[in-house]
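Tertiary structure, described
What follows is the residue order along each chain.
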There are 2 protein chains.
Amino acid sequence: MRTVTYFFIFLNLSLAVFEEPAVYPLPFLVTSLIEVLCLLVFFGRLTHFAKVTLRDVFWKDTKNICIMVAILLSLTDLAIYGVLRMYNMRSIRWSRIVRPIFLINFAESRQIRRAFRSIRNTLPEITYVFLLFMFSLLMFSLMALKLFGERNLQTAEGLPYFKNYLEIVFDLYVLVTTANSPDVMMPAFDFSSWYALFFIAFVIVNTYIFMSLFLAVVYNNYKKHLKNEIRKLAYMKHRKMIEAFNLLKEEEGAQFVVREACWKQLVKLVAPDISNSHRELLLCISDNEQKGFIDKKSFVQLADLLNIQVITLKIRSHPLGQWMPHVYKSAVSRFLRSMVRHRGFVWTYDVIILINAIFIALDEETPYISYAEWVFLALYIIEILLKVYTYEPRAFFGKNQFWNWFDTLIIFAALTATVLNTTLKSTTKYNSQQILDIVFILRVLRLIRIVDSIQRFRVIMNTLINIVPTMLTFGGLTLVVYCVFAIIGMELFHGKIQFFPASSNVPHALECGNPALKDSLFARGKYCKNNFNNFASSFIVLMELTVVNQWHVFANGFANVTVQPAKLYFIAFHIVMVIIIVNIFVSFILEAFFVEYSLEKSEVETAIEQKIQELGMGVQEDELQHEQLLDNMESVEHDLEGEGGTKPQSKGLVFKIASKPTSFLLFYLGPSVHTCLH
Amino acid sequence: MRTVTYFFIFLNLSLAVFEEPAVYPLPFLVTSLIEVLCLLVFFGRLTHFAKVTLRDVFWKDTKNICIMVAILLSLTDLAIYGVLRMYNMRSIRWSRIVRPIFLINFAESRQIRRAFRSIRNTLPEITYVFLLFMFSLLMFSLMALKLFGERNLQTAEGLPYFKNYLEIVFDLYVLVTTANSPDVMMPAFDFSSWYALFFIAFVIVNTYIFMSLFLAVVYNNYKKHLKNEIRKLAYMKHRKMIEAFNLLKEEEGAQFVVREACWKQLVKLVAPDISNSHRELLLCISDNEQKGFIDKKSFVQLADLLNIQVITLKIRSHPLGQWMPHVYKSAVSRFLRSMVRHRGFVWTYDVIILINAIFIALDEETPYISYAEWVFLALYIIEILLKVYTYEPRAFFGKNQFWNWFDTLIIFAALTATVLNTTLKSTTKYNSQQILDIVFILRVLRLIRIVDSIQRFRVIMNTLINIVPTMLTFGGLTLVVYCVFAIIGMELFHGKIQFFPASSNVPHALECGNPALKDSLFARGKYCKNNFNNFASSFIVLMELTVVNQWHVFANGFANVTVQPAKLYFIAFHIVMVIIIVNIFVSFILEAFFVEYSLEKSEVETAIEQKIQELGMGVQEDELQHEQLLDNMESVEHDLEGEGGTKPQSKGLVFKIASKPTSFLLFYLGPSVHTCLH
């Protein structure tokens, strides 16, 4: 269901690509039919919701009402537009702006909604700082008008300098974003060096202090909001667990408890995909003294215990070792495996990668070097095969072995692409540019591996990889803002600026087909391809506006081809995207890194550790590389093998707490645990 | 002594203004004599230090050794330069770079040294992130070389695009700072829209993620460092207080205590400038039960008690009320005073300020408007006079009444300047431009007052004003970095680029006097006045480089007139100034605002409050405006007067805890306190 809803949401959003002004035009009938289909699906989903939830709850939820209104608006607009179109009258498809509402308001996208709630909470405080900032801007503009207005100065383009109050406000707003930094100062500075002080004061007050203040307000709210959410969640969880306990409780002596069998059934029900041994471990921790029942306190902890991602790594012997034990355990094979496990193996491959980097930088055309590429590919494939031979394949391609997956995918994609390219070249004598580009990118991406072999870099990289999923929330947030602004932008500026290749003979090709841009910075910077003529271009323009630099050139360019107030569109985008959303993004990265830097363990994690230690199990806490980790596991296995028949082959189990990728906790469940586990 | 040292440090630093290349040239003999004088003063200060500190301590302190080495180096360099100069040989005054060492290393500038220590501690972590960032940059550059290198594309200036690996690295480094944002992408984007994805990926990874990472690392270290420093200071203070207690203690019953007389003497000695009543209040808090002695726990608290800035506001009757009681207490006067205290008075003046703002924006030349200026000035002066008439002048111009001081200074400066300007105009028929500019600025600054009358803005403004002193530390830090880079910059680029006014006939005037800049963006942007020809210009260039925008134009311009590796100077400045120091500045503002936002009171502050409440004193906690505060005080005074002779005129004392300007704590010391105070 989830996937289907997401599919239709993205289908609905991507309609903008096919509708007028289109990247790939489709007839109006097709797009409108698809839209109606999407709306029907959304309506179906909503009625389904209404059936499974209580009537009161359903009608109180603003998001359901939002969706209904959005569906109605879209249908009305579609009908009006269709009718007007039949009579050949053009109108605006204004309902396209409401489409992102479906992305925000379906229950599945809780993260995005939370981010929007966080923004809404930040707004009042932001507004106060913003008003103060605007006041400061207006005051500085007034000063600038008085100081420079009557000097008859000229800008580098020969235009009057600081003559009109509103233009000064715009210019100084741009200076806050630093986009016109020395240019706006130069005429005054050329006139007298002392005027530089005015601009220095302006930049310190507005760019450095106020912009930091915005970050401070957003970050402060982000932290507060996060804390509240976590507290609320923890409270809800606690309450629900107590409710569950009250349902399941039986009397045992003086206290109420939950029996072991009942507990096991419950865990099997709520977490069907955890392994038996993992469940036994949890039971072992919850039922501390092996009394056969679980008391209230331990029971309530269950939710937290289930949240901690404990990876059950079964120490299994290598499948080859089982299939052909003689070959796999022969001296040559043992030597090979110990060689792969050696530190030197990693270093050798680091050197190979460095040499590879030099070869990539060299010219491609020399046949010698293109042969070298095959050698490198072969070397990398041999490395992967050797590793799979040495380590257990299922462990090597485990869930959390990100880097192993990355390596293998990159190498095999490169292999496929290179083979494809060579066959194409030899059969049709024609290099496919797309495939070649992909080959180049894959080749360079291979080099990332060198970072992976240095511990400090690995820690930073792991943090970055860990925050990727949450970053996708910001992807969603950005998508919503971009969609809205892109649709508005297309209505305002569609077709006003056009791009012609350099060889074109069209009149005003250099002025983007619009004589109003003659001599403008926009045309001079050859920015013609940055336009709102279709959805994809609009997104790229908005991306460039997010990066901020030269945004005033865009604003002036688009204002020249339409009307001056069009600048407001660009200012609004700057406020929404840069002052609010980018700052939230920065807050998020700051917070994510602070959490990673603070090495505190959560209470429950410590409880588990303690328990395991109390039970007399060996705990290994080390910042090991994955290979070394696997190494250790193997050596433990060997020890067990070495001690032979004295102990029953306990089918070594290793648990790993995976929530802190920077420091691995390795629990080896020795005989004492097995007693507990039966 | 402190002032003298600072004077000589700044004299020494400002020598750069007068030495070759000079803003105001002075003969070499004069500057060198001044430098020798400065060095002698520093040496004298150092020997003085050596006398008052222990030999071991003195020689262990790296800062003393630093200063000695710096003095020796400066003298050697000066001698060599002088001798070479006599034989007309030019050499480099390289020792000028060590001058900022004096600013850092004299004991007075503890704050700056602390900031430098914080930077030193951050360096290892920054280095790891920086290396990772460089790796990412190099990888993306390699990709760019492979993707675009052989397409024969051209930039907007017609230069080859992405041909040379080192140039690509530089261009992409500039893109990280967003300074060449759409320009660097446009040729590839024009060729194929898909290539935009490469730049989007680059910007997300490097500009958004890595730059936030730098901020995270710097901020994290800043917080950690701050916590450590505070912890260390608290520990030191505690130890010293215990030492003091052991020296002063006397036996009293079962415990050691400090007698009241002894305590009073001590407080008088260590804090000679606090008022008697303040001291009595502290005693009253320390000696809780009025036993005549202070136990160890309370004694140790003394340092914290002294740190809390308690303002003793004596409720005094207005001097006019004492001199001419009949007039001051007449009905008219009472009405006047109650009018001034009324909310409407503030609103009336807010409206006047708004009207004033409109008049300022209007044209100056109309005689009608220049008369209006006199009216406004008069209105403002009447306001101040009325306020001084209503409130007690000493309270109105109290230490913490920042806004009253601000208003009065602005108005009287404006009055003086306007009068001066008018007399000059009427006598010599000549408007002095400088004075007129100052008048304009003062006039606009007056408008700030409107912010002050809105509570929410006042809170933000007060926070900003509170952090100004610490911001000066960053001023010092920036000064040191700027000095070093300005001196190096002058050696590298002095005289290479020159500024000629637009009317000049000098050859290559448009190319800044250097044909190498023909057709460069530097000349086209008319940036000629941004050069390293003297100390002041260098500072302005460095300021523009700190703002980052267009810094690549500067780097390319200066590299064109010297050698290509000159770009390294600009990259180094960017790393030091923007990646490290600006991030520390942002961290500092973030932290300062978080402290202001978190309304927690320190433990000792709460202790004082509690004590006072226990003693049965009235506590008023309100977010009042200063005027209202004064208002309240007066009304209390009136009450006392009203109740006539029943209570002895207790010369009302009001204490205010000033460390939290956002929420004032007002303690009115009623009769019960007076018992305690005597």
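Along each chain, residues carry numbers from 1 onward, in the same order as the chain's sequence is written. Written order decides the labels, with chains lettered from A and ligands numbered from 1. In keeping with the model being predicted, local features are shown solely for residues with a pLDDT of at least 70 and side-chain atom pairs are shown and tallied solely at 80 or more, while totals for entire chains, interfaces and linings include all residues. As a convention, hydrogens and water are excluded, and side-chain values are obtained from all of the structure's heavy atoms.

**Focus on the state of the cysteines**
- Criterion for a disulfide: a pair of cysteine sulfur atoms at a distance within 2.5 Å. Summed over the entire model, instances satisfying the criterion amount to two disulfides over all chains.
- Between the sulfur atoms of B:Cys512 and its disulfide mate B:Cys528 the distance is 2.0 Å. On the S-S bond that ties B:Cys512 to B:Cys528, the torsion sits near -70°, and the link is left-handed. With B:Cys512 in the loop between helix 24 (468-493) and helix 25 (521-524) and B:Cys528 in the loop between helix 25 and helix 26 (535-547), this residue pair connects regions lying 16 residues apart in the sequence.
- Note on exposure labels: buried denotes an accessible area under 20% of the residue type's maximum, exposed denotes more than 50%, and partly exposed covers the range between, all computed with a 1.4 Å probe on protein chains only. Since its relative accessible area comes to 7%, B:Cys528 is described here as buried.
- With no disulfide of its own, A:Cys66 has A:Cys483 as its nearest cysteine by sulfur position, at a separation of 17 Å.
- With no disulfide of its own, B:Cys483 lies 13 Å from the sulfur of B:Cys38, the closest cysteine sulfur.
- For B:Cys483, a relative accessible area of 2% puts it in the buried group. In this text, helices come from DSSP runs of H or I with a minimum length of four residues, and strands from runs of E with a minimum of two, each type numbered from the N-terminal end.

**Some thoughts on the sheet that holds strand 1 (residues 250-252) of chain A**
Residue and element names in this part refer to chain A.
- At least two DSSP bridges between two strands are needed for those strands to be called paired. Spatial strand order, 1-2-3: three strands in an open sheet with antiparallel pairing. Two strands lie at the open edges of the sheet, namely strand 1 and strand 3 (293-295), each paired on one side alone. Within the sheet, the average angular offset between the axes of one strand and its neighbour, ignoring direction, is 55°.
- Taken together, the three bridges between strand 1 and strand 2 (residues 255-259) define a ladder with antiparallel strand orientation. By the bridge assignment for strand 2, Glu252 is matched with Gln255.
- The contact criterion used throughout is that any non-hydrogen atoms of two residues lie within 4.5 Å. In this analysis, axes come from line fits to C-alpha atoms, helices being fitted only over the stretch in contact, and the angle between any two N-to-C directions falls in the range 0 to 180 degrees. Of the strands in this sheet, strand 1, strand 2 and strand 3 are in contact with helix 9 (residues 196-248), which crosses strand 2 at around 90°.
- The sheet strands contacting helix 12 (residues 296-307) are strand 2 and strand 3, and the helix crosses strand 3 at an angle near 85°.

**Section: the side chain of B:Arg113**
Residues and elements named next belong to chain B.
- By the secondary structure assignment, Arg113 is in helix 6 (residues 110-148).
- In this structure, Arg113 is buried with no salt-bridge partner, the nearest side chain bearing the opposite charge being Asp61 at 6.8 Å.
- A distance of 3.1 Å separates a polar side-chain atom of Arg113 from the backbone oxygen of Ile104. When charges are counted, Lys and Arg are positive and Asp and Glu negative, with His and the chain ends excluded. Salt bridges, as used here, are contacts in which a Lys or Arg side-chain nitrogen is within 4 Å of a carboxyl oxygen on Asp or Glu. For this analysis, a polar contact is any N or O atom pair within 3.5 Å, provided that within protein one partner can donate a hydrogen and the other can accept it, and provided that sequence-adjacent residues contribute only side-chain to side-chain pairs.

**Digging into the interface of chain A and chain B**
- On the side of chain B, 87 residues touch chain A, which itself brings 87 residues to the contact.
- Roughly 8200 Å² of surface becomes buried between chain A and chain B when both sides are summed, with 73% attributable to carbon and sulfur atoms.
- Of all residues in chain A, A:Lys146, A:Tyr208 and A:Lys529 give up the largest surface area on contact with chain B, accounting jointly for 8% of the area buried on that side.
- Along the contact surface separating chain A from chain B lie two salt bridges.
- Between A:Arg151 and B:Asp437 there is a salt bridge, with its nearest N and O atoms 3.2 Å apart.
- Viewed at the interface, chain B and chain A are joined by 18 residue pairs in polar contact (both at pLDDT 80 or more).
- Here the element with the most residues in the side of chain A that touches chain B is helix 9 of chain A; it accounts for 13 residues. Computed with a 1.4 Å rolling probe, the buried area is the accessible surface lost when two parts are put together, summed over both parts.

**Some details on the confidence of the model for chain A**
Residue and element names in this part refer to chain A.
- In this model, chain A carries an average pLDDT of 80, and 85% of its residues clear a pLDDT of 70 or more.
- As a per-residue quantity, pLDDT reports the predictor's confidence and falls between 0 and 100. Within chain A, helix 7 (residues 165-176) carries the highest mean pLDDT (94), whereas strand 7 (residues 664-668) carries the lowest (33).
- Here residues 616-654 is a poorly scored stretch, pLDDT under 50, and it has 81 contacts once near neighbours within four places are set aside; other chains count.
- Low pLDDT, under 50, characterises residues 658-678; the predicted model gives this stretch 70 contacts beyond four residues in sequence or across chains.

**What to know about the relation of the copies chain A and chain B**
- Fitting of the copies onto one another was done by least squares over C-alpha atoms, counting residues only where both copies have pLDDT of at least 70. Of the transformation placing chain A onto chain B, the axial shift is 0.0 Å and the rotation is 180°, giving an RMSD of 0.1 Å. The symmetry that links the two subunits is that of a two-fold axis.
- Interface overlap between copies is the fraction of interface residues in one copy that are interface residues in the other; for chain A against chain B it reaches 99%, indicating a shared surface.

**So, the packing of helix 20 (residues 402-428) of chain B against helix 21 (residues 433-445) of chain B**
Residue and element names in this part refer to chain B.
- For the pair helix 20 and helix 21, the least separation of the axes is 9 Å and the interaxial angle reads 150°. For the element pair helix 20 / helix 21, the angle class is roughly antiparallel. The handedness of the crossing between helix 20 and helix 21 comes out as left-handed. In contact with Phe406, Ile410, Ala413, Ala414, Ala417, Thr418, Leu420, Asn421 and Leu424 of helix 20, helix 21 contributes Ile435, Leu436, Val439, Leu442 and Leu445.
- Its residues assigned to classes, the contact of helix 20 with helix 21 shows 12 nonpolar, two polar and no charged. Should an angle lie under 35 degrees it is considered roughly parallel, over 145 roughly antiparallel, and from 65 to 115 roughly perpendicular; all remaining angles are considered oblique. Handedness of each helix crossing follows the sense of rotation of the near helix against the far helix: counterclockwise by less than a right angle gives left-handed, clockwise gives right-handed. Three classes are used, and their members are as follows: Ala, Val, Leu, Ile, Met, Phe, Trp, Tyr, Cys and Pro are nonpolar, Asp, Glu, Lys and Arg are charged, and the others, Gly among them, are polar.

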